[in-house]
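Here is what each chain is made of, one letter per residue.
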Amino acid sequence: MNETYVTVTGNVATKVDHWTSPSGLPVARFRLASTVRRFDKQHQRWADASTSFYTVWAWRGLAGHLASSVARGEPVIVRGQLRVVEGERDGRRYLSAELLAATVGHDLTRGTSAFVRAPRANPELTRGPAPAWPPVAAAGPPPFGAPGDGVGTPGSESVPEEAVPEGELLPGALAEDGVPGQRGAS
């Protein structure tokens with residue numbers, strides 16, 4: 001009802017994970033690092049202060065556009081709903097900040113970008129109620145990707161469908177039942 005919308009600028013800290021949810025909706029996720037800069041009067045220069053990390057979630061058409069347009073290290077601006085999520089891992093409680101993105105774009109104060117209009121997506125994927133929150137399914141991919149994932153990392157290349165035998169383990173692939181690591185397994 002009273003959602004908190006924020007706009008955050010920063011750099012893409014992880015590769016964009018992209019998959020299709022069990023309900024058939026495209027989903028994308030990445031980590032955003034936003035560093036505060038302050039002017040240090042003593043040294044007469046700008047210096048980095050603290051860095052905040054956000055998990056950015058995108059659904060439907062925005063998810064596909066993110067996967068094909070945004071790469072690790074690029075400066076972006078994200079506007080969306082802010083959610084602070086409480087959780088427990090290995091017996092320790094933690095808080096995480098998540099953004100359910102409404103819009104994402106490159107920060108043009110720090111570089112240039114070329115826009116290409118995408119053809120209209122399947123209208124069934126752009127309508128309907130919002131996906132359930134939190135968006136992480138128990139069988140989904142790891143929350144922030146494997147360590148070292150990103151552009152130029154060995155193993156981050158896509159593997160053609162015909163190069164993988166039926167039921168073969170494949171990192172990052174999802175079976176029809178949503179289990180990670182297998183393609184086409186029953």
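Here, every reference points to the structure presented above.
Asker: Go over the pattern of salt bridges, please, and point to the residues and values.
Answerer: For the coordinates displayed, the defined rule picks out 5 salt bridges. In this structure, R29 engages D17 in a salt bridge whose closest nitrogen and oxygen atoms are separated by 3.5 Å. In this pair, R29 is assigned in strand β3 (residues 26-40) and D17 in strand β2 (residues 17-20), connecting sequence segments 12 residues apart. Residue classification places D17 among the buried residues on the basis of a relative accessible area of 9%. Ionic pairing is found between R37 and D48, a salt bridge with its closest N-O pair at 2.6 Å. Highlighted residues: R37 in strand β3 and D48 in strand β4 (residues 45-59), separated in sequence by 11 residues. One continuous salt-bridge network, built from bridges that share partners, spans K15, D17 and R29.

Asker: How would you summarise unusual backbone geometry if you had to cite specific residues and measurements?
Answerer: Negative phi is the rule for most residues except glycine; trans is the rule for most peptide bonds. A positive phi is found at Q44, a non-glycine position, where the angle reads about 55°. On the secondary structure map, Q44 appears in the loop between β3 and β4.

Cut-off values and rules
Residues numbered from 1 in each chain as written. Predicted model: local features only at pLDDT ≥ 70, side-chain atom pairs only at ≥ 80, totals over all residues. Heavy atoms only, no water. Salt bridge = Lys/Arg side-chain N within 4 Å of Asp/Glu carboxyl O. Helix = DSSP H or I, 4+ residues; strand = E, 2+ residues; numbered from the N terminus. Buried < 20%, exposed > 50% of the residue type's maximum accessible area, 1.4 Å probe, protein only.

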